[in-house]
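Results of the structural survey
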Amino acid sequence: MRQTKGRGLFIFCCVAPAIALFVIFMVIPTIDVFRMSLYKWGGYTADKTFVGLKNFQTLLQSEKFLRSFQNQILLIVIVTIVTMSLALIFAAILTREKIKGQNFFRIVFYIPNILSVVIISAIFSAIYDPNQGLLNSILGVFRGHKDPILWLGSQKIVIYSIVIAMIWQAVGYYMVMYMASMSSVSESLYESADLEGAGKITQFFSITLPLIWTNIRTTLTFFVISTINMSFLFVKAMTNGGPDSASHVFLSYMYQEAYTNSSYGYGMAIGSVVFTFSFALSAILNKVTKRDPIEL
Amino acid sequence: MKKKLVSTLLSVAMVSSLLAGCGATTAPAEEAAPATEEAAPAEEAAAEETGEGQVVKVAAVETAYGADIWKNVAAEFEAATGITVELTVDKNLEDVISPDMKAGNYPDVIMRAVGAESGMTETFIKDNNLVDLSDVMDLTVPGETAKVSDKMLGGFTNNTITQPYGDGKIYLMPMFYSPCGLFYNAGLFAEKGWEVPTTWDEMWALGDTAKAEGISLFTYPTAGYFDAFLYALMHEAFGDNFANVLQYGEGVWETPEAETIFAILDKLATYTEPTTPANANDDNFQKNQQLVLDNKALFMPNGNWVIGEMAEAPRADGFEWGFTALPAVEDGGERASYAWFEQVWMPGGAVNVDAGKQFIAFLYSDAAAAIFAEKGAIQPINGLADTLEGDAKIYYSIYDTGAVAVLDAFAATESIEGTTIRGTFCDPINSLVTKDKTIDDWKAQIIKDNDTFRANLKQQ
């Protein structure tokens with residue numbers, strides 16, 4: 001009896017620091033975000049007014065928030081689907097096929113991940129430059145040099161320009177993750193599939209995909225969270241929400257309101273919506289992608 | 001057993017050290033603030049006469065003029081008054097001082113203009129969190145015999161920026177100013193034999209001439225530069241009604257004068273270099289400025305800081321900076337140029353109020369003005385512009401050559417969630433150039449937001 005009591009105390013003492021840190025730096029600030037969203041507050045002074053749910057009311061009627069919501073969903077959907085497919089295809093090719101310069105490709109695909117977002121934004125700003133940019137110069141060969149396409153200037157195109165930069169940045173990282181789990185799939189499965197006459201594509205969908213499913217599930221959640229976070233950095237560095245607020249996403253809009261429009265409380269209301277949204281989306285994804293683990 | 005005791009002790013030590021760590025970091029922040037507040041009056045009383053022992057905390061943003069000007073001025077101030085200056089100068093001033101401010105420790109004097117991206121100054125205005133500086137005008141400049149009001153250029157303290165609540169009290173003191181207008185390549189005009197247009201009609205005629213030579217009439221660095229441009233244009237078009245427009249008067253944007261402005265903006269968009277919106281962001285705006293240096297666009301709205309900003313940039317042969325006020329709306333009409341100026345102010349939480357006011361008064365001394373002017377930072381001080389030489393003289397003497405100086409800005413409002421002056425009055429120019437919005441869309445937006453601004457007008 002005395003021994004279990006001592007053990008319990010010991011465990012408590014070991015866990016307590018981590019829990020205390022978690023509560024102080026995670027739980028309390030999160031609750032604070034929700035609390036702040038109920039105030040009208042400029043952010044710099046102690047002067048706060050309680051306004052209840054008014055911030056949320058304004059939020060629901062705001063066209064700008066709606067637009068940033070749409071942009072965010074578009075980014076999450078397109079970036080996730082394209083990045084994931086590309087990463088899976090590249091990973092399958094690099095692990096299953098014997099091609100020359102495998103390591104070279106692996107490094108090339110991974111490099112964007114090492115670069116900071118600011119550098120990537122600078123690279124893409126140069127690529128997208130309407131007059132001297134790489135993209136318009138290449139396209140100019142086919143469509144003539146009239147009316148340059150404004151990659152970061154046209155409101156219809158700008159969000160896709162950000163999509164391209166984000167995919168370019170993310171593919172390598174997820175490719176390496178998928179490669180790791182693909183290489184642990186037993187070679188004998190592919191051999192027997194070969195003998196049964198299954199082609200490469202059938203093998204990919206019937207063997208590779210099911211066996212790395214748990215990995216895909218985990219990365220899906222990563223995707224959602226990181227797309228929300230990374231899109232802020234890209235938007236901030238490349239367009240700062242412009243032109244005319246056409247490329248705002250959740251967090252860039254929140255930043256603009258909280259830190260540049262003296263509406264900290266309103267910003268926190270956006271923050272709580274984003275928090276709830278990403279939490280819910282992760283939960284839904286987790287639920288719908290749930291499969292019985294395959295054991296061999 | 002012994003082992004267990006040791007491990008228990010160790011883990012207890014671990015937990016307690018953690019808590020001790022928390023205690024140590026939170027305690028001073030909470031206790032220190034009231035302590036200094038109590039101590040300050042006593043100190044002040046003791047050192048009232050000499051200034052010895054008094055402290056003033058000054059926070060200034062580092063801009064293109066550099067950080068040294070502030071260090072030098074602080075040293076001069078200390079020598080003149082004996083008051084110690086605790087100086088914070090940083091490019092990202094808000095990031096540096098706001099954690100302290102949230103804990104209740106405010107600098108006494110803050111040098112940060114309205115219109116900065118962070119909107120810190122606007123937040124203090126909206127929160128009624130400023131010290132009334134009207135009496136600074138009556139202070140004698142330390143080390144001199146003149147009063148501040150004797151030195152101040154007319155108009156600079158009597159506008160909606162320095163008197164944000166319109167109650168006749170000055171809350172922000174004007175500092176460095178820059179005339180804003182249209183910048184162009186004077187060399188190109190001389191070479192082609194073109195006249196700088198004095199009315200918008202001449203402007204459009206020039207636009208057609210230039211177009212034939214493959215040069216666009218207009219470009220702009222970012223949409224944000226339209227604030228100065230619009231204020232000047234509004235002053236020309238609205239005339240006496242200008243003050244009412246700045247107070248978001250009812251129906252002002254449905255008047256014939258407003259139509260004139262919309263017509264000019266609409267036409268200007270068609271004459272704008274078409275790739276401008278793609279580079280009209282904080283990263284790439286210099287590419288738009290480069291268009292003027294490369295003779296691809298004739299005019300851009302800017303302030304005289306652009307000369308330093310583009311000093312290293314390549315340029316067309318025979319390039320020479322030219323600067324003009326906005327063309328007049330009608331023949332022989334007024335030509336306006338916005339005078340953009342920075343402000344220095346004291347937050348409501350300032351502790352050393354008197355020392356802070358002394359410091360602000362000292363900023364207008366000959367010694368301080370000389371330090372600032374050496375780096376090109378020009379204050380609105382009588383006679384200062386006459387002492388300038390070379391290029392700088394051209395810009396600062398624009399108001400002597402007939403252009404009207406516009407100093408006001410839109411009246412302060414309560415913070416309005418989701419609506420900003422810039423979003424309503426500046427950003428849509430991008431949409432207009434790319435044809436994502438029509439001038440009627442923009443007009444409808446201005447009319448709607450104008451009502452919102454009026455409803456939230458700041459009441460002191």
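Relevant structure appears above.
Attention here is on the structure that accompanies the text. Note that this is a predicted model, so its numbers are computed, not measured.

Cut-offs used in this document
Residues numbered from 1 in each chain as written. Chains lettered and ligands numbered in written order. Predicted model: local features only at pLDDT ≥ 70, side-chain atom pairs only at ≥ 80, totals over all residues. Heavy atoms only, no water. Phe/Tyr/Trp six-rings, centres within 6.5 Å; stacked < 30°, edge-to-face > 60°. Buried < 20%, exposed > 50% of the residue type's maximum accessible area, 1.4 Å probe, protein only. Lys NZ or Arg CZ within 6 Å of the ring centre and 35° of its normal. Contact = heavy atoms within 4.5 Å. Buried area = accessible area lost by both parts, 1.4 Å probe. Salt bridge = Lys/Arg side-chain N within 4 Å of Asp/Glu carboxyl O. Helix = DSSP H or I, 4+ residues; strand = E, 2+ residues; numbered from the N terminus.

Next up on the list: the packing of aromatic side chains. The geometry of an aromatic ring pair is captured by the separation of the ring centres together with the interplanar angle, meaning the angle of the planes. A full pass over the atoms with the stated rule returns 60 aromatic pairs over all chains. Ring centres of Y165(B) and Y171(B) lie 5.0 Å apart, and the angle between their planes is 75 degrees; on these two criteria the pair is classed as edge-to-face. Each member of the pair, Y165(B) as well as Y171(B), is classed as buried. Chaining the aromatic ring pairs together yields one cluster made of Y231(B), F238(B), Y248(B), W253(B), F262(B), Y338(B), F410(B), F425(B) and F453(B). One residue, R96(A), lies across the ring of Y190(A), its end atom 3.5 Å from the ring centre.

Looking now at the interface of chain B and chain A. Each side of the interface is counted separately: chain B has 50 residues, and chain A has 50 residues. For the chain B and chain A pair, buried surface summed over both sides reaches about 3,900 Å², with 51% attributable to carbon and sulfur atoms. Our enumeration of links across chain B and chain A arrives at 4 salt bridges. The closest approach of N and O atoms between D129(A) and K287(B), which form a salt bridge, is 2.7 Å.

Attention now goes to unusual backbone geometry. Going from G242(A) to P243(A), the amide bond is cis rather than trans, its omega being -10 degrees. Of note, S262(A) is a non-glycine position whose phi angle comes to about 50 degrees, a positive value. Relative to the elements of secondary structure, S262(A) occurs in the loop between α11 (250-260) and α12 (264-288). Given the relative accessible area of 3%, S262(A) is considered buried. Positive phi is not limited to glycine here, since K435(B) has a value of about 65 degrees. Within the secondary structure, K435(B) sits in the loop between α18 (428-433) and α19 (439-455).

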